[in-house]
Amino acid sequence: MEHQNTGRILVAGTGPAGLIAALGFADAGFSVTLVGTEASGPDSRTTALMNPALKVLERLGVLDGLRPMAAPLKVMRIVDATDRLIRSPVVTFRASEIDEDQFGLNLPNSALYPALAKAVAAHSGIEWRKSMVETWHLDAGHVHATLSDGSEVTALLAVAADGRMSPAREAAGISTSARSYPQAALVLNFEHRADHAFTSTEFHTETGPFTQVPLPGKRSSLVWVVRPETARELLALDDVSLSTRVEQRMQSMLGRVSVEPVRQIYPLSAVTPRRFAQDRVALVGEAAHVFPPIGAQGLNLGIRDVDDLIGIACENRADPGAAKALASYDFKRRPDILARSSAVNLLNMSLLSDMLPAQLARSAGLGVLGGFSPLRAFFMREGLRPGSGFAALAGALGKQVRR
Ligand SMILES: Cc1cc2nc3c(=O)[nH]c(=O)nc-3n(C[C@H](O)[C@H](O)[C@H](O)COP(=O)(O)OP(=O)(O)OC[C@H]3O[C@@H](n4cnc5c(N)ncnc54)[C@H](O)[C@@H]3O)c2cc1C
């Protein structure tokens, strides 16, 4: 054993959720040990973060440096591009309808992750062990992690930000329900002739969504969900052929398209744990929820996990890993995580389904949303922050009653 450390908080995992958790706990005055290696390899993905998540990044001091690489999201559109009998009208959400300047920002992961890692490295309240947790031992009073470099870390609370397979979740004996989808996401960025006007368009197709999200200038990012074999075929195309396919799929909405070199494939799956905390281990990010990339939900939800966990730890400073604190965390996160996970999974399944009732429900739902602006405003506010749509609706109803 080389080192011994009794940190109060051990954060396992150095994806975005882990880095944000380490920074947030350290800023809240906890002594933090972060365990995980630095990210390596190209990541062409971008992450659309909504305004409440951006406020968290701002608080952590990383947002200003990222703004030049990010594009604001002012309009979000859903287009039914299926060939099905029952099709939905185009639904357009405008930030201005709910008195916001933008819904959020689209940030390249290649800028976001290094900015977070740099802030962690510079933070005096964080000890970063660039190693992996090899084994966990949990007892009534502490968590003990043995790392692959031979060192050990002991803490009162383990924040499991160790991704979809989460070894910490397994060590805490938290079981999951999991499914894999017959879908994969092809991810790339592209240039286009026409202006995107800060509009993101999600085309719903029979194999999943095709989502264009603006980047600075005449560039956009793309997440194209197709069957796994189609993803492999598209990946193997030369640039000109793939550019033509992307342009055709978008009905030339942004004019001539030119794809950039890095292309990646992500298989789609869903994982929902039965509990969100147990035995001094609290789950955040993909350790707590995995679902298809529809409607930019994943990391936004992950940041809310971290924010709520820090709030509860601050109310239980003497022992942030105590059973009472973990029960509060489970209780607080459960409705948000389950509602988001089931909405995204249902929408995804309704796209794949050949069954008329599923198509009808999706079409009717989008039809009602498209035609009724108070309901659309409600969903936009709920999309930004759970509960705020209800608050605004209650306010509007109150005004009606007082008139
Ligand atoms: C194509 C695509 C597009 C997306 N777009 C958006 C979007 O626009 N908006 C949005 O909000 N979300 C989006 N998401 C979701 C978002 O990317 C995820 O929610 C986010 O990356 C999850 O981060 P994480 O830190 O929880 O997990 P990960 O990034 O998977 O990080 C987990 C980390 O844990 C580490 N780890 C594992 N085991 C151990 C161990 N034993 N010891 C130490 N470390 C360990 C891993 O090495 C890894 O670094 C998208 C996802 C995909 C696939």
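Just so it is clear, the model here is predicted, and its values are computed rather than measured. (Residues numbered from 1 in each chain as written. Predicted model: local features only at pLDDT ≥ 70, side-chain atom pairs only at ≥ 80, totals over all residues. Heavy atoms only, no water.)

A. Summary view of the overall build of the protein chain. Helix and strand counts for the protein chain stand at 12 helices and 20 strands. Residues counted as buried form 52% of the 403 residues belonging to the protein chain. Per element, the accessible surface of the protein chain, about 17,700 Å² overall, is 56% carbon and sulfur. (Helix = DSSP H or I, 4+ residues; strand = E, 2+ residues; numbered from the N terminus. Buried < 20%, exposed > 50% of the residue type's maximum accessible area, 1.4 Å probe, protein only. Areas by Shrake-Rupley, 256 points an atom, 1.4 Å probe, with all protein chains shown as cover.)

B. Up close: the site of the ligand. Contacts to the ligand come from 26 residues, most closely from Ala17, Ala48, Val133, Glu286 and Leu299. In this structure, an oxygen atom belonging to the ligand sits 3.5 Å away from a side-chain N or O atom of Arg45. Relative to its free-state accessible area of 1,000 Å², the ligand is covered by the protein chains to the extent of 83%. Where the shell around the ligand is concerned, the elements lending two or more residues are helix H1 (16-27), strand E3 (46-50) and helix H8 (298-315). Within the shell around the ligand, the residues separate by chemical class into 13 nonpolar, 10 polar and 3 charged. (Near = heavy atom within 4 Å. Polar contact = N/O pair within 3.5 Å; in protein donor to acceptor, adjacent residues only side chain to side chain. Nonpolar A, V, L, I, M, F, W, Y, C, P; charged D, E, K, R; others polar.)

C. Fine view of the pairing of strand E1 (residues 9-12). Burial along E1 is two-sided: the residues Ile9 and Val11 and Leu10 and Ala12 are all buried. One ladder, built from 4 bridges, connects E1 with strand E2 (residues 32-35); its direction is parallel. Note that in E2 the partner of Ala12 across the bridge is Val35. In this view, the connection linking E1 to its parallel neighbour E2 by way of H1 has right-handed handedness. Summarising the sheet, E1 and strand E12 (residues 157-160) pair through 4 bridges and their orientation is parallel. Bridged to Ala12 within E12 is Ala160. (Pairing = 2+ DSSP bridges. Right-handed = clockwise from strand over helix to strand, strands pointing away.)

D. Looking closely at the packing of helix H2 (residues 51-59) against H8. Contact geometry for H2 and H8: axes closest at 9 Å, N-to-C directions at 55 degrees. Overall, the two elements H2 and H8 adopt an arrangement that is oblique. H8 is crossed by H2, and the crossing has left-handed handedness. Side by side, H2 and H8 meet where Ala53, Val56 and Arg59 of the first sit next to Asn300, Ile303 and Asp307 of the second. (Axes fitted to C-alpha atoms, helices over the stretch in contact; angles between N-to-C directions. Parallel < 35°, antiparallel > 145°, perpendicular 65-115°, else oblique. Left-handed = near helix turned anticlockwise from the far one by under 90°. Contact = heavy atoms within 4.5 Å.)

E. The pattern of salt bridges, seen in detail. If you walk through the whole model with that rule in mind, you get 18 salt bridges. The residue Asp305 makes a salt bridge to Arg333 at a minimum N-O spacing of 2.8 Å. Residue Asp305 is located in helix H8, and its partner Arg333 is located in helix H9 (residues 323-352); the two are separated by 28 residues in the primary sequence. Each of Arg304, Asp305, Asp308, Lys332, Arg333, Asp336 and Arg340 takes part in one network of salt bridges that share partners. (Salt bridge = Lys/Arg side-chain N within 4 Å of Asp/Glu carboxyl O.)

F. Broad picture of the nonpolar core. Val11, Phe25, Val32, Leu49, Leu57 and Val159 are the most contacted members of the largest nonpolar core, which totals 74 residues. Beyond its immediate chain neighbours, meaning those up to four positions away, Val32 contacts Ile9, Val11, Ala22, Phe25, Ala26, Gly125, Ile126 and Glu127. One finds Phe190, Val226, Val257 and Val259 within the second-largest nonpolar core, a separate group that totals 19 residues. (Core = buried A, V, L, I, M, F, W, Y, C linked by side-chain atoms within 4.5 Å.)

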